[in-house]
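Residue-level structure breakdown
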Amino acid sequence: MAKVLPILNHPHPILRKKSRPLTAEEINSSKIQSLISNLAKTMITKDGAGLAAPQVGENVQLLALRDEEKIIIMINPQITKKSWAKDVNEEGCLSVLDKNGNIIFGNVERHKKVQCLYLNAKGKKQKISAENILARIIQHETDHLDGILFIDKLYHGK
Ligand SMILES: [Zn+2]
(Lines give C-alpha, C1' and ligand atoms only; values in the text may rest on other atoms or scores of the structure.)
Protein backbone atom coordinates (compact mmCIF):
# COMPACT_ATOMS: atom_id res chain seq x y z
CA MET A 1 0.00 0.00 0.00
CA ALA A 2 1.25 3.41 -0.92
CA LYS A 3 1.72 5.80 1.94
CA VAL A 4 1.70 9.53 2.44
CA LEU A 5 5.23 10.84 2.99
CA PRO A 6 6.19 13.87 5.06
CA ILE A 7 6.97 16.92 2.90
CA LEU A 8 10.11 18.96 3.56
CA ASN A 9 9.71 22.68 3.91
CA HIS A 10 11.89 25.54 2.73
CA PRO A 11 14.67 26.22 3.87
CA HIS A 12 15.52 22.48 4.17
CA PRO A 13 18.93 21.91 2.48
CA ILE A 14 17.71 18.84 0.51
CA LEU A 15 15.40 21.18 -1.43
CA ARG A 16 18.48 23.11 -2.59
CA LYS A 17 20.56 20.16 -3.82
CA LYS A 18 20.73 19.04 -7.44
CA SER A 19 19.08 15.66 -7.87
CA ARG A 20 20.80 12.82 -9.71
CA PRO A 21 19.34 10.79 -12.57
CA LEU A 22 18.08 7.25 -11.97
CA THR A 23 19.51 4.23 -13.81
CA ALA A 24 17.28 1.69 -15.58
CA GLU A 25 18.12 -0.81 -12.87
CA GLU A 26 17.11 1.58 -10.10
CA ILE A 27 13.82 2.39 -11.85
CA ASN A 28 12.91 -1.31 -11.73
CA SER A 29 13.93 -1.69 -8.08
CA SER A 30 11.26 -2.10 -5.43
CA LYS A 31 12.73 0.88 -3.58
CA ILE A 32 12.09 3.29 -6.47
CA GLN A 33 8.79 1.65 -7.45
CA SER A 34 7.45 2.22 -3.94
CA LEU A 35 8.86 5.76 -3.90
CA ILE A 36 6.89 6.41 -7.13
CA SER A 37 3.64 5.10 -5.58
CA ASN A 38 4.21 7.03 -2.37
CA LEU A 39 5.07 10.24 -4.23
CA ALA A 40 1.85 10.02 -6.30
CA LYS A 41 -0.25 9.20 -3.22
CA THR A 42 1.31 12.11 -1.29
CA MET A 43 0.63 14.54 -4.14
CA ILE A 44 -3.01 13.45 -4.38
CA THR A 45 -3.57 13.50 -0.60
CA LYS A 46 -2.01 16.96 -0.21
CA ASP A 47 -3.90 18.21 -3.25
CA GLY A 48 -0.79 19.32 -5.11
CA ALA A 49 -0.59 19.84 -8.88
CA GLY A 50 2.84 18.24 -8.78
CA LEU A 51 5.42 16.88 -6.36
CA ALA A 52 9.13 16.25 -6.86
CA ALA A 53 11.21 13.60 -5.06
CA PRO A 54 13.44 16.10 -3.20
CA GLN A 55 10.27 17.43 -1.51
CA VAL A 56 9.97 14.04 0.21
CA GLY A 57 13.70 13.90 0.98
CA GLU A 58 15.10 12.02 -2.03
CA ASN A 59 17.54 13.83 -4.32
CA VAL A 60 16.68 11.79 -7.41
CA GLN A 61 15.23 12.97 -10.72
CA LEU A 62 11.67 11.81 -10.19
CA LEU A 63 8.42 13.76 -10.09
CA ALA A 64 4.68 13.29 -10.20
CA LEU A 65 2.26 15.74 -11.73
CA ARG A 66 -1.37 16.03 -12.64
CA ASP A 67 -2.69 16.52 -16.11
CA GLU A 68 -6.36 17.05 -15.26
CA GLU A 69 -7.52 13.57 -14.12
CA LYS A 70 -4.33 11.83 -15.21
CA ILE A 71 -1.21 11.34 -13.07
CA ILE A 72 2.07 11.58 -14.98
CA ILE A 73 5.29 10.17 -13.52
CA MET A 74 8.48 11.63 -14.96
CA ILE A 75 11.94 10.20 -14.40
CA ASN A 76 15.09 12.01 -15.59
CA PRO A 77 13.02 14.73 -17.33
CA GLN A 78 14.73 17.08 -19.76
CA ILE A 79 13.05 20.15 -21.19
CA THR A 80 14.16 20.09 -24.82
CA LYS A 81 12.11 22.96 -26.29
CA LYS A 82 10.80 26.18 -24.81
CA SER A 83 8.52 28.65 -26.52
CA TRP A 84 9.70 32.19 -26.97
CA ALA A 85 6.33 33.30 -25.59
CA LYS A 86 6.05 33.48 -21.84
CA ASP A 87 3.27 34.26 -19.43
CA VAL A 88 2.94 35.25 -15.80
CA ASN A 89 0.69 33.37 -13.40
CA GLU A 90 0.34 32.50 -9.75
CA GLU A 91 2.12 29.51 -8.26
CA GLY A 92 2.32 27.89 -4.88
CA CYS A 93 4.39 25.00 -3.54
CA LEU A 94 3.73 22.36 -0.88
CA SER A 95 7.26 23.04 0.43
CA VAL A 96 6.94 26.82 0.76
CA LEU A 97 4.77 27.81 3.72
CA ASP A 98 4.33 30.90 5.82
CA LYS A 99 4.93 30.76 9.55
CA ASN A 100 1.37 29.60 10.15
CA GLY A 101 1.87 26.64 7.83
CA ASN A 102 -0.17 28.05 4.96
CA ILE A 103 0.93 27.82 1.33
CA ILE A 104 2.38 31.06 -0.07
CA PHE A 105 1.44 32.13 -3.59
CA GLY A 106 3.36 34.36 -5.97
CA ASN A 107 3.55 35.27 -9.64
CA VAL A 108 6.17 33.61 -11.80
CA GLU A 109 7.01 34.09 -15.47
CA ARG A 110 7.26 30.80 -17.38
CA HIS A 111 7.53 29.66 -20.97
CA LYS A 112 4.05 29.20 -22.38
CA LYS A 113 4.93 25.93 -24.10
CA VAL A 114 7.60 23.32 -23.43
CA GLN A 115 8.56 19.96 -24.81
CA CYS A 116 9.90 17.47 -22.32
CA LEU A 117 11.61 14.08 -22.70
CA TYR A 118 11.43 11.68 -19.77
CA LEU A 119 11.16 8.05 -18.73
CA ASN A 120 7.88 6.76 -17.37
CA ALA A 121 7.54 4.58 -14.24
CA LYS A 122 8.45 1.53 -16.36
CA GLY A 123 11.59 3.21 -17.70
CA LYS A 124 10.13 3.74 -21.17
CA LYS A 125 11.08 6.89 -23.13
CA GLN A 126 8.28 9.43 -23.46
CA LYS A 127 7.88 12.85 -25.03
CA ILE A 128 5.27 15.41 -24.08
CA SER A 129 4.37 18.76 -25.60
CA ALA A 130 2.64 20.88 -23.01
CA GLU A 131 1.24 24.37 -22.83
CA ASN A 132 -0.32 26.71 -20.29
CA ILE A 133 -0.93 25.14 -16.86
CA LEU A 134 0.71 21.81 -17.65
CA ALA A 135 3.78 23.56 -19.11
CA ARG A 136 3.95 25.68 -15.95
CA ILE A 137 3.75 22.64 -13.66
CA ILE A 138 6.50 20.87 -15.64
CA GLN A 139 8.77 23.92 -15.32
CA HIS A 140 8.04 24.30 -11.59
CA GLU A 141 8.65 20.61 -10.86
CA THR A 142 11.79 20.23 -13.00
CA ASP A 143 13.18 23.31 -11.22
CA HIS A 144 12.89 21.33 -7.95
CA LEU A 145 15.31 18.76 -9.42
CA ASP A 146 17.84 21.59 -9.88
CA GLY A 147 17.35 22.89 -6.33
CA ILE A 148 15.33 25.89 -7.54
CA LEU A 149 12.12 27.10 -5.85
CA PHE A 150 9.48 29.38 -7.36
CA ILE A 151 10.29 32.05 -4.74
CA ASP A 152 13.67 32.43 -6.49
CA LYS A 153 11.81 33.56 -9.61
CA LEU A 154 9.08 35.86 -8.31
CA TYR A 155 7.89 38.24 -10.96
CA HIS A 156 8.00 41.90 -10.00
CA GLY A 157 7.68 43.29 -13.53
CA LYS A 158 5.44 45.76 -15.29
ZN1 LIG B 1 7.01 23.08 -5.62
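Thresholds, definitions, all that
Residues numbered from 1 in each chain as written. Predicted model: local features only at pLDDT ≥ 70, side-chain atom pairs only at ≥ 80, totals over all residues. Helix = DSSP H or I, 4+ residues; strand = E, 2+ residues; numbered from the N terminus. Rg over C-alpha atoms; globule rule 2.2 N^0.38 Å. Buried ≥ 20, exposed ≤ 12 C-beta atoms within 10 Å, placed from the backbone. Contact = placed C-beta atoms within 7 Å. Pairing = 2+ DSSP bridges. Axes fitted to C-alpha atoms, helices over the stretch in contact; angles between N-to-C directions. UniProt positions renumbered as here; feature names shortened; annotations may be inferred. Expected span 1.5 Å × (residues − 1). Arc of directions from axis to C-beta.

**A short note on the overall build of the protein chain**
Scanning the protein chain from N- to C-terminus turns up three helices and seven strands. The order of α-helices and β-strands along the protein chain, N terminus first, is α-α-β-β-β-β-β-β-β-α. Over its C-alpha trace the protein chain gives a radius of gyration of 15 Å, about what one expects of a compact globule, namely 15 Å for 158 residues. When burial is assessed residue by residue, the protein chain has 32% of its 158 residues classed as buried. Sequence-distant contacts, at least 24 apart, represent 66% of the contacts inside the protein chain between residues at least 6 apart.

**A few points about the sheet that holds strand β6 (residues 113-119)**
Pairing is antiparallel in the open sheet, where five strands are placed in the order β1-β2-β3-β6-β7. Edge strands, defined here as strands with exactly one partner in the open sheet, are β1 (50-52) and β7 (125-131). Looking at each pair of strands side by side, their axes are set apart by 40° on average, direction ignored. In this sheet, strand β2 (residues 62-67) lies alongside β1 in antiparallel orientation, the contact comprising three bridges. Residue pairing across strands places Gly50 opposite Leu65, the latter belonging to β2. This element, helix α2 (residues 30-45), spans β1, β2 and β3 (70-82) of the sheet and lies at about 40° to β2.

**Focus on the UniProt feature "binding site: Fe cation" (unreviewed entry) in the protein chain**
According to UniProt, the positions carrying the feature "binding site: Fe cation" (unreviewed entry) are Cys93, His140 and His144. Separation in sequence by 52 residues is not matched in space for these annotated residues, since their most distant C-alpha atoms are only 10.3 Å apart. On the secondary structure map, Cys93 appears in strand β4 (residues 86-97). Cys93 sits in the buried class, given 27 other C-beta atoms within 10 Å. Excluding residues that lie within four positions of it along the chain, Cys93 makes contacts with Leu149 and Phe150. Assignment of secondary structure puts His144 in helix α3 (residues 132-145). Ignoring any residue separated from it by four or fewer positions in sequence, one finds His144 in contact with Ala52, Pro54, Gln55 and Leu63.

**Notes on α2**
With 16 residues, α2 should reach 22 Å at 1.5 Å per residue; the first-to-last C-alpha distance of 22 Å fits that figure. Burial in α2 covers these residues: Ile32, Leu35, Ile36, Leu39, Thr42 and Met43. Buried residues along α2 cover an arc of 135° about the axis, so they all sit on one side. Within α2, the exposed residues directed more than 90 degrees away from the buried face are Ser30 and Thr45. On its buried face, α2 is in contact with α1 (24-28), β1, β2 and β3.

**Some remarks on α3**
With 14 residues, α3 extends 21 Å between its outermost C-alpha atoms, agreeing within 8% with the 20 Å of an ideal straight helix rising 1.5 Å per residue. Among the 14 residues of α3, eleven are classified as buried, and the element is accordingly described as predominantly covered. Along α3, the positions that sit buried rather than exposed are Leu134, Ala135, Arg136, Ile137, Ile138, Gln139, His140, Glu141, Thr142, His144 and Leu145. Following α3 by one or two positions, Gly147 adopts a phi angle in the positive range, close to 75°.

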